[in-house]
Amino acid sequence: MPKPARFDLVLFDNDGVLVDSETLANRILSRMLTKEGLRTSFEESVATYLGRSMQSVRAEAERRLGRPLPVEFEEVFYGRLFSEYETRLSAVPGVEDVLEKLSTAVCVVSSGSPQKIALSLRLTGLDRYFDGRVFSAEQVRRGKPHPDLFLFAAERLGADPERCAVIEDSPLGVEGANAAGMTSFGFARMTPASRLEAASGGVFDDMKDLPALLA
């Protein structure tokens, strides 16, 4: 008799977990913040802003800067980012093989805007795995590290949070998944494994290892 599945739903973060976009985004963000007078290296951008919504990025940057960022900051950022997407965006190595192998239902839970998520999934060809099962922080009152987005996705798809696994590459995402009562897995490809130690299901750095962890 086959062994029952451990999870009924696997929730994937998008940037850095499904699509290899964090390097592109943080290079642009660090340059733009530095130009505004908030000197920010690429490494500092990753450490401070990875996993945040743009609303949260703005709030933190303005707190550090001591003044508001230009009203067009997000528009300029996304314009530059989407231009990079068209020529340089790719799927995270190994993630398509994982999605092909998984028999468990999957969805996307991202801090990004619906437009950004849709574009990145389409350009990488991963959209076919998530038809109608894509959720953005813009759909809930509070984004990561709060549990709202994870619980919203589980409710919409009829899944018990205790039977959900979340794949995240940021401490904020892991914190939110844990708060939702889900099993979190930390993907330590760009983020140091030490910053993902709170992941209740474990930490891994190669997508090929994920199916075994989920089993």
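Our structure is the block above this text.
Residues numbered from 1 in each chain as written. Predicted model: local features only at pLDDT ≥ 70, side-chain atom pairs only at ≥ 80, totals over all residues. Heavy atoms only, no water.

Topic: the packing of aromatic side chains
The description of an aromatic ring pair uses the distance of the two centres, along with the angle that the planes make with each other. As a reminder of what qualifies: Aromatic rings from Phe, Tyr and Trp, taking only the six-membered ring of Trp, are treated as a pair when their centres fall within 6.5 Å; an angle between ring planes under 30 degrees marks them as stacked, one over 60 as edge-to-face, and anything in between as tilted. Helix and strand assignments follow DSSP, with helices taken as H or I runs no shorter than four residues and strands as E runs no shorter than two, numbered in order from the N terminus. Here the term buried applies to any residue with accessible area under 20% of the maximum for its type, exposed to any over 50%, and partly exposed to those in between, with areas from a 1.4 Å probe on protein chains only.
Applying the stated criterion to the full structure yields 7 aromatic pairs. Here the aromatic rings of Phe 7 and Phe 185 are separated by 6.2 Å at their centres, their planes lie at 85°, and the arrangement is edge-to-face. Residue Phe 7 is found in the segment before strand S1 (9–12), and its partner Phe 185 is found in strand S5 (residues 183–187); the two are separated by 178 residues along the sequence. Taken as a pair, Phe 7 and Phe 185 share a single burial class, namely buried.

Describing helix H7 (residues 148–156)
Threshold: Every residue pair with non-hydrogen atoms within 4.5 Å of one another is taken to be in contact.
Those residues of H7 that fall on the buried side of the exposure criterion are Asp 148, Leu 149, Phe 150, Phe 152, Ala 153 and Ala 154. In this structure, the buried side of H7 is in contact with S1, strand S2 (105–110), strand S3 (134–136), strand S4 (164–168) and helix H8 (171–179). Two residues or fewer after H7 comes Gly 158, characterised by a positive phi angle close to 70°.

Concerning the nonpolar core
Definition in use: We call a set of buried residues a nonpolar core when its members are Ala, Val, Leu, Ile, Met, Phe, Trp, Tyr or Cys and they connect through side-chain atoms within 4.5 Å of each other.
Ranked by internal contacts, the top residues of the largest apolar core, which has 47 residues, are Phe 12, Leu 18, Phe 77, Leu 81, Ile 167, Met 207 and Leu 214. Setting aside its immediate chain neighbours within four residues, Leu 214 contacts Arg 6, Phe 7, Val 10, Leu 102, Ala 165, Ile 167 and Phe 185. Core analysis: the next-biggest nonpolar cluster, separate from the first, contains 18 residues, Leu 9, Cys 164, Ala 177 and Met 182 among them.

Focus: the pattern of salt bridges
Definition in use: The term salt bridge refers to a side-chain nitrogen of Lys or Arg lying within 4 Å of a carboxyl oxygen of Asp or Glu.
Counting across every chain of the model gives 16 salt bridges. Arg 128 serves as the salt-bridge partner of Glu 100, at 3.9 Å between the closest nitrogen and oxygen. With Glu 100 in helix H5 (residues 95–101) and Arg 128 in the loop between helix H6 (114–124) and S3, the pair connects residues that are 28 residues apart, well separated along the chain.

Some points on empty space enclosed by the protein
To be explicit about the condition: Within this scheme a cavity is a closed region of a 1 Å grid, computed over the protein atoms alone, that accommodates a 1.4 Å probe without allowing it to escape, whereas a pocket is open but has protein on both sides within 12 Å along at least five of seven lines; lining residues each have an atom within 4 Å of a point. Grid points are joined across faces, edges and corners, and a volume is the space filled by probe spheres set on the points.
Applying the stated rule across the entire model yields 1 cavity of 30 Å³ or more. The calculated volume of the largest cavity comes to roughly 250 Å³. What lines the largest cavity is a set of 21 residues, among which Glu 22, Tyr 49, Gly 51, Arg 52 and Lys 116 lie closest to the centre. Listed by contribution, the elements that provide at least two residues to the lining of the largest cavity are helix H1 (22–35), helix H3 (54–65) and helix H4 (73–88).

As for the sheet that holds S5
Strand pairing in a sheet relies on backbone hydrogen bonds, with the paired strands running either antiparallel or parallel. Stated formally: We treat two strands as partners when DSSP finds at least two bridges between them. To obtain each axis, a line is fitted to C-alpha atoms, and for helices this fit is confined to the stretch in contact; angles are then taken between N-to-C directions over 0 to 180 degrees.
The strand order across the open sheet built from 6 strands is S3-S2-S1-S4-S5-S6, with neighbouring strands paired in parallel fashion. On the outer flanks of this sheet lie S3 and strand S6 (202–204), each paired with one strand and no other. When strand polarity is set aside, the average angle formed by the axes of neighbouring strands in this sheet is 25°. Pairing of S5 with S6 involves 3 bridges; the strand directions are parallel. By the bridge assignment for S6, Gly 186 is matched with Val 203.

Observations regarding the environment of Met 182
As for its position among the elements, Met 182 is in the loop between H8 and S5. Accessibility expressed as a relative area gives 4% for Met 182, which makes it buried. Separated by 86 residues in sequence, Met 182 and Glu 96 have C-alpha atoms that sit 23 Å apart. In this structure, Met 182 is in contact with Leu 11, Phe 150, Leu 151, Ala 154, Pro 161, Cys 164, Val 166, Ala 177 and Ser 200, ignoring residues within four places of it in sequence.

As for H3
For the record, the criterion: How far a helix is expected to stretch is found by multiplying one less than its residue total by 1.5 Å.
For H3, with 12 residues, the first-to-last C-alpha span of 16 Å sits near the 16 Å given by 1.5 Å per residue. Restricting attention to buried positions, one finds in H3 the residues Met 54, Val 57, Arg 58, Glu 60, Ala 61 and Leu 65. Along its buried surface, H3 packs onto H1, helix H2 (42–49) and H4. In the segment just after H3, Gly 66 is the residue with positive phi, at about 85°.

Some thoughts on the side chain of Ser 30
Selection rule: Nitrogen and oxygen atoms within 3.5 Å of one another constitute a polar contact, given that in protein one can donate a hydrogen and the other can accept it, and given that sequence-neighbouring residues count only through two side-chain atoms.
Along the chain, Ser 30 falls in helix H1. Among the polar contacts listed, one links the side chain of Ser 30 to the backbone oxygen of Asn 26, at a separation of 2.9 Å. A polar contact of 3.0 Å, which involves the side chain of Ser 30, links it to the backbone oxygen of Arg 27. If sequence neighbours within four positions are ignored, Ser 30 has contacts with Thr 40, Ser 41, Phe 42 and Ser 45.

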